[in-house]
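# Examination of the molecular architecture
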Amino acid sequence: MKEIFVAPLQFAGKVSHCNPNCSLRPVIRLVRDKVRISQPIPVVAQSHTGESTQLIAVPAILHVMAKLFGFFLLSGTAFSYTISGNKYLTDGSQADVQAACSAAPDNGSIVVVIPDGSFNWSGTLTINRSLTLTGADATGVKIYNDNASGDMISATASANGHINIYWLNIVQMADNSGGAGFSLRCDRAEPTAYTVLVHDCSFGSGSIYTHMVVCNANGIVFWNDTFVGDGPNDPNGLGGISFVCDKYGYTSSWNTPDTYGTQDTTGLANSYVEDCAFYDAASAISNFDDNSRVVWRHNTMSNCSLGSHGQETSLYGTREWEIYNNTFIYSSSGVGPSGNSYPLNMNDWFLARGGAGVIFDNQIADIPNNKNGISLTVFSINRSDSISCQTAYPAARQTGQGWSASSEAAYGNPVVTPDGTGDVTEGVYIWGNTGSETNDPHYVGLDQYTPDQCGNGKLATEFLQEGRDYFVGIAKPNYTPYQYPHPLHAQFALDKVPPPGGPTPPGSGIPPGSGVPKNFNNDGTADLIWENSVTGQLSFWFLKNGEPVSNSILAKVAPSWHVAGVGDFLGNGQSDLVWENSNGQHVIWIMSSGVPQYTIRLPTLAGGWHVVGAGDFNSDGKADLVWENTLSGKHEIWLMNNGVPTAAIPLARLGLNWHIAAVGDFLGNKQSDLVWQNSATGDRSIWLMENATPVSLIDLGIVGLNWQI
């Protein structure tokens, strides 16, 4: 097959192209100067001599024009996606999405949109250009992964820009367990300043015991995602994200300087997972594996554990990990989003099998029955697999070990030669964690692998010693966490906090509404927040002795959002805002002097749940949330720590006519109480509460239905 370079000619009504030897009779005015030639795409056609010819320089713009004018260039192959500005609007099929992604220029300018609906994908969508892939909205796009032998989406960021993925709701259907494939594979060209961003998506493992996402490079960034492990009949469960960076080999990543916290000078030396919600994976919702460097922070971990792999079963083993400001929730009853019944078969919250790291400032619930909260282990002394059984300290790349340029020590006893040199004890540092787990004698424990396949009788206690390999209650020296939220999270966030508007005189053009008395500037007196339900405008009145002294106006938000609650979630004397979206999303704006600082995304609940108030129900000085389900009549209190849920306490069900009308501290005991009203009878009552539990009732009698609290 010979090659012919096609000279593109664009016409107002038809697209034609020919080789340099042919003659062309234009019948419509040439508009070459009005069309910008873009990325070439290959097509196959017949030359004028009848030979099979590869046309290798046809610009993608020809395909675009052909679609616009009803003339299809690619040998009769028609694609359904249409172009609207910078958006490629697909029909949702995997083939059409692939065509749109392949036609996009590699510069980040194109948004490929999947419409609302349910779609079954059985092949691989390959993305290797800088673009955005999104659903039409947050909840309307569901993709079922029917690919049992490969990846459903393979995204590799190029040297020209990020790949930005959001608003996809993916459910695993085909059995791809054992690493046959993943719903999403993320990689990036290196060294570059670009990566794959995955946010505001959901990933459900369905009934398949599998991780949903794999990262083959460090530097991938996740936020505001939801992951649910497999179910409904698996009390062990697997799901979430696996970090396997085999491409770095034995030494090109492992044997390089640490990138803890601010040592990551680019923000891409580590992968970051933040502000995500994880559910129902007792085996593991993560896999910190070969050469991975992972920062796991500000996530909600509900009945799921973190997992890792050392060099005993993997080629290279995990390098380093940072786990902080997460909330670990254990449920002893009920049913999780996976369909599994609680309690799950939880053995620990984190099993560290290699590398070094930090674990601090987490809120950790206790796992009963003498289970470890944090388990440290060295499998290679008892498990015969990827490397020779280790017989003396330190084992190759064991838990607590790292690398230093000043060390000439080899790795392992016996030595694992491909690991090179630089072995040094870095240690695991565990400090500042709170919650019932930290009061358990098994808060930090050692795990002994059995059976002893090596037959040497080695014990984990020989290889892991407190004060040498791990430290409890001691912060890592010279450690400072990396910027939160991650700069790319802040840059690409869908719910970026709008900048505040300039102050205006009090009362100027602001319509009356339901002002909420709260303190937004820490001056000890209540202020008012006004919300315009028509325009979405928000305004603060800062009051002194009941008189407005200044005002600030925030940028408008979408009409689908409204303020559902006000409370001091940090305990700093300044009120914050709880926002609710008509699609079921909830976020908290952390405020300072009426100016939003950052957002905390709350887990998305099933239909019918709404925030009906905020108050302090456990006397910790920080606001908690009260929820009501208008479909079922259920009510719950979420105990919160710094805006992150730590426990859900159900209230007795009173019937669909009873609603929570207000939250307030009626005894002055620093614990909030609940005001109820019956929408059918007009009955009103107050529940006096202690630690989120009703202890007595005050009957307010019946008030006419026209009167509302």
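Bear in mind the structure is a predicted one, so any value in this text is a computation, not a measurement.

### Examining the overall build of the protein chain
Looking only at helices and strands, the protein chain features 4 helices and 53 strands. Across the 709 residues that make up the protein chain, the buried fraction comes to 54%. A total accessible area of about 28,400 Å² is found for the protein chain, and carbon and sulfur atoms account for 52% of it.

### Points about the state of the cysteines
If you walk through the whole model with that rule in mind, you get 1 disulfide. The side chain of Cys 389 participates in a disulfide bridge whose partner is Cys 454; the two sulfur atoms lie 2.0 Å from each other. Disulfide Cys 389-Cys 454: torsion about the S-S bond near -80 degrees, hence left-handed. With a gap of 65 residues between them, Cys 389 in the loop between β32 (374-377) and β33 (401-403) and Cys 454 in the loop between β36 (444-447) and α3 (460-463) connect regions that are remote in the sequence. Assigned by exposure class, Cys 389 and Cys 454 land together as buried. A disulfide-free cysteine, Cys 201 has its sulfur positioned 9.7 Å from the sulfur of Cys 276, the nearest such atom. Assessed through its relative accessible area of 3%, Cys 201 is described here as buried.

### Observations regarding the pattern of salt bridges
Applying the stated criterion across every chain yields a total of 13 salt bridges. The shortest N-O distance in the salt bridge between Arg 319 and Asp 258 comes to 2.9 Å. Residue Arg 319 is located in the loop between β26 (300-308) and β27 (320-324), and its partner Asp 258 is located in the loop between β22 (238-243) and β23 (271-274); the two are separated by 61 residues in the primary sequence. A single burial state applies to Arg 319 and to Asp 258, both of which are buried.

### So, the side chain of Ser 253
Note that Ser 253 resides in the loop between β22 and β23. Taking relative accessible area as the criterion, Ser 253 reaches 7% and is therefore assigned buried.

### Some words on the packing of aromatic side chains
Applying the stated criterion to the full structure yields 22 aromatic pairs. Ring centres of Phe 288 and Phe 350 lie 5.9 Å apart, and the angle between their planes is 55 degrees; this geometry places the pair in the tilted category. Of this pair, Phe 288 sits in strand β24 (residues 277-288) while Phe 350 sits in strand β29 (residues 350-352); the two residues are 62 residues apart in sequence, bridging distant segments of the chain. You can call Phe 350 buried: its relative accessible area is 3%.

### Describing helix α2 (residues 94-103)
Among the 10 residues that make up α2, 8 are buried, leaving the element largely enclosed by the rest of the structure. The complete set of buried residues in α2 reads Gln 94, Asp 96, Val 97, Gln 98, Ala 99, Ala 100, Cys 101 and Ala 103.

### Re the sheet that holds strand β50 (residues 658-664)
Spatially, the 4 strands line up as an open sheet ordered β50-β51-β52-β53, and their pairing is antiparallel. Edge strands, defined here as strands with exactly one partner in the open sheet, are β50 and β53 (693-702). Across the sheet, the mean angle separating the axes of adjacent strands is 25 degrees when strand polarity is ignored. Sheet analysis places β50 next to strand β51 (residues 673-678), joined by 6 bridges and oriented antiparallel. If you follow Gly 664 over to β51, its bridge partner there is Asp 673.

### A look at the pairing of strand β30 (residues 356-360)
Among the 5 residues of β30, 5 are classified as buried, and the element is accordingly described as predominantly covered. On β30, burial covers both faces: Ala 356, Val 358 and Phe 360 on one face and Gly 357 and Ile 359 on the other are all buried. Inspection of the sheet shows β27 paired to β30 by 5 bridges, in the parallel sense. Among the inter-strand pairings, Glu 322 is bridged to a residue of β30, identified as Val 358. Here 4 bridges tie β30 to strand β35 (residues 428-431), and the two strands are oriented parallel to one another. Across the sheet, Ile 359 pairs through a bridge with Ile 430, a residue of β35.

### Points about the nonpolar core
Grouped together as the largest cluster of nonpolar side chains are 79 residues, with contacts concentrated most on Leu 133, Phe 222 and Trp 296. Ignoring any residue separated from it by four or fewer positions in sequence, one finds Trp 296 in contact with Phe 243, Val 273, Phe 278, Ile 285, Ser 286, Phe 288, Met 301, Leu 306, Glu 322, Ile 323, Tyr 324 and Asn 326.

### Concerning the confidence of the model for the protein chain
Confidence in the prediction for the protein chain averages 83 pLDDT; 83% of positions are at 70 or higher. Below a pLDDT of 50 lies the segment residues 1-76, which in the model reaches 128 contacts outside its immediate sequence neighbourhood of four places, other chains included. Counting interchain partners and residues more than four positions distant, the pLDDT-below-50 stretch residues 496-517 has 48 contacts.

### Quick notes on unusual backbone geometry
Cis geometry marks the peptide bond from Tyr 393 to Pro 394, where omega comes out at -10 degrees. Cis geometry marks the peptide bond from Thr 450 to Pro 451, where omega comes out at 0 degrees. Tracing the backbone shows Pro 451 in the loop between β36 and α3. Within the chain, Asn 224 stands out as a residue other than glycine whose phi angle is a positive 55 degrees.

### Focus on the side chain of Asp 225
Here Asp 225 is to be found in the loop between β20 (221-223) and β21 (226-228). For Asp 225, a relative accessible area of 1% puts it in the buried group. Residues in contact with Asp 225, not counting those within four places in the same chain, are Val 198, His 199, Asp 200, Cys 201, Asp 275, Cys 276 and Ala 277.

### Some points on the environment of Thr 693
Relative to the helices and strands, Thr 693 resides in strand β53. Along the backbone, Thr 693 and Pro 650 are 43 residues apart, and their C-alpha atoms lie at a distance of 9.3 Å.

### Remarks on the sheet that holds strand β42 (residues 561-567)
Sheet architecture is open: 4 strands sit in the order β42-β43-β44-β45, paired in antiparallel fashion. Each having just a single partner strand, β42 and β45 (595-601) make up the two edges of the open sheet. Between one strand axis and the next, the sheet turns by 30 degrees as a mean value, whatever way the strands run. When strand β43 (residues 576-581) meets strand β44 (residues 586-592), the two strands line up antiparallel, connected through 4 bridges.

### Quick notes on the pairing of β27
In regular strands, side chains alternate between the two faces of the sheet. The buried count for β27 comes to 5 of 5 residues, which makes it a mostly enclosed element. Residues Glu 320, Glu 322 and Tyr 324 point to one face of β27 and Trp 321 and Ile 323 to the other, with burial holding for every one of them. In this structure, strand β25 (residues 293-297) lies alongside β27, joined through 5 bridges in parallel fashion. Each bridged residue has a counterpart across the sheet, and for Trp 296 the counterpart in β27 is Ile 323.

### Focus on the environment of Phe 379
Tracing the backbone shows Phe 379 in the loop between β32 and β33. Taking the C-alpha atoms as reference points, Phe 379 and Thr 313, 66 residues apart in sequence, are found 8.6 Å from one another. Apart from the residues within four sequence positions on either side, Phe 379 is in contact with Glu 312, Leu 351, Arg 353, Asp 447 and Tyr 449.

### With respect to the environment of Tyr 272
By secondary structure assignment, the location of Tyr 272 is in strand β23. Overall, the relative accessible area of 0% leaves Tyr 272 in the buried class. Taking the C-alpha atoms as reference points, Tyr 272 and Val 295, 23 residues apart in sequence, are found 4.8 Å from one another. For Tyr 272, the contacting residues outside a window of four places in its chain are Ile 220, Val 221, Phe 222, Asp 264, Gly 267, Val 295, Arg 297, Tyr 482 and His 486. Of the polar contacts made by the side chain of Tyr 272, one reaches the side chain of Asp 264; its length is 2.6 Å.

About the thresholds
Residues numbered from 1 in each chain as written. Predicted model: local features only at pLDDT ≥ 70, side-chain atom pairs only at ≥ 80, totals over all residues. Heavy atoms only, no water. Helix = DSSP H or I, 4+ residues; strand = E, 2+ residues; numbered from the N terminus. Buried < 20%, exposed > 50% of the residue type's maximum accessible area, 1.4 Å probe, protein only. Areas by Shrake-Rupley, 256 points an atom, 1.4 Å probe, with all protein chains shown as cover. Disulfide = S-S within 2.5 Å. Salt bridge = Lys/Arg side-chain N within 4 Å of Asp/Glu carboxyl O. Phe/Tyr/Trp six-rings, centres within 6.5 Å; stacked < 30°, edge-to-face > 60°. Pairing = 2+ DSSP bridges. Axes fitted to C-alpha atoms, helices over the stretch in contact; angles between N-to-C directions. Core = buried A, V, L, I, M, F, W, Y, C linked by side-chain atoms within 4.5 Å. Contact = heavy atoms within 4.5 Å. pLDDT = per-residue confidence, 0-100. Polar contact = N/O pair within 3.5 Å; in protein donor to acceptor, adjacent residues only side chain to side chain.

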